[in-house]
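# Understanding the architecture of this molecule
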Amino acid sequence: MDIRTAIAAERRELADVLDGLPAGAWDAPTLCAGWRVREAAAHMSLGFRYPLPRTLWEITKARGSLHRMTGRCARRDAATHTTPQLAAFLRDNATHPWTPPVGGTAAALGHDVVHGLDITVPLGIDRRIPEDRLRLLLDRVTPKSAAFFGAGLDGVRLRAHDLDWSFGTGTLLTGRAQDLLLLAFGRKLPAGRLHGEAGDRFLAV
């Protein structure tokens with residue numbers, strides 16, 4: 001699948017998920033520490049809404065910290081925009097060419113897929129990412145990328161039980177491919193989603 005086509009489909013589908021959430025779900029926590037659903041959704045569209053000069057200005061105000069900048073902007077934008085607007089930003093910008101500072105279009109797809117799962121997994125929404133999108137991302141998992149996201153996968157071998165994919169060496173840890181993708185992006189997961197002796201290392205608390 002063309003990555004741009006996958007990105008557009010992912011954004012539209014996630015917008016539909018967001019539109020279907022009950023009001024209370026927008027204040028539920030996500031897998032991103034300190035962010036509720038509304039902050040995660042606001043963050044996902046920041047690249048569409050902020051032109052480069054404003055992005056650079058926001059980073060300057062955050063004393064050069066991208067992490068500090070994205071957190072502050074997510075909280076501010078979540079308070080400024082309605083939940084229908086936050087969903088619409090994704091749908092209306094499904095074909096927007098934004099990419100993260102590194103990684104190109106594949107990183108843009110990873111950004112959308114992972115943040116979407118950050119939202120749906122804690123809410124108990126069983127959204128299945130299509131296999132072609134997962135493979136585009138799983139095929140790009142490397143020791144370098146795992147280290148970049150602070151995944152802490154040393155001494156662990158990940159193996160998906162729903163498609164043919166594995167990564168790493170060491171103690172075997174199995175799960176659904178999209179859950180293992182979350183591990184590769186540095187996320188911790190709710191209990192019951194991973195199987196293996198090393199599973200406790202990756203539990204959300």
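Our subject in this report is the structure included herewith. (Residues numbered from 1 in each chain as written. Predicted model: local features only at pLDDT ≥ 70, side-chain atom pairs only at ≥ 80, totals over all residues. Heavy atoms only, no water.)

## Topic: the side chain of T120
Tracing the sequence through the fold places T120 in helix α7 (residues 104-123). The contact partners of T120, leaving out residues within four places of it in the chain, are V17, I125 and R127. (Helix = DSSP H or I, 4+ residues; strand = E, 2+ residues; numbered from the N terminus. Contact = heavy atoms within 4.5 Å.)

## Some remarks on the sheet that holds strand β2 (residues 166-167)
Taken in spatial order, the 4 strands line up as β2-β1-β3-β4 in an open sheet, and their pairing is mixed. Edge positions in the sheet fall to β2 and β4 (194-195), since each has one partner strand and no second. Where strand β3 (residues 171-175) meets β4, 2 bridges bridge the pair, whose relative direction is antiparallel. Of the residues in β4, the one forming a bridge with T174 is H195. (Pairing = 2+ DSSP bridges.)

## Notes on the nonpolar core
Among the nonpolar cores identified, the biggest contains 38 residues, and L109, L153, L158, W165, L181 and L183 are the most heavily contacted of them. Mapped onto this core, the elements with two or more residues apiece are α1 (3-19), α7, α8 (131-138), β1 (156-160) and α10 (177-184). Considering every element that reaches this core, the biggest residue donor is α7, with 7 residues. Among the nonpolar cores identified, the runner-up in size contains 23 residues, and A15, W35, A40 and M44 belong to it. (Core = buried A, V, L, I, M, F, W, Y, C linked by side-chain atoms within 4.5 Å. Buried < 20%, exposed > 50% of the residue type's maximum accessible area, 1.4 Å probe, protein only.)

## Notes on the pairing of β1
Of the two faces of β1, only the one carrying V156, L158 and A160 is buried; R157 and R159 on the other face are not. Sheet topology places β1 next to β2; 2 bridges connect them, and they run antiparallel. From the neighbouring strand, R159 faces β2, where its bridge partner is S166. A loop of 5 residues connects β1 with β2, the two strands running antiparallel in sequence.

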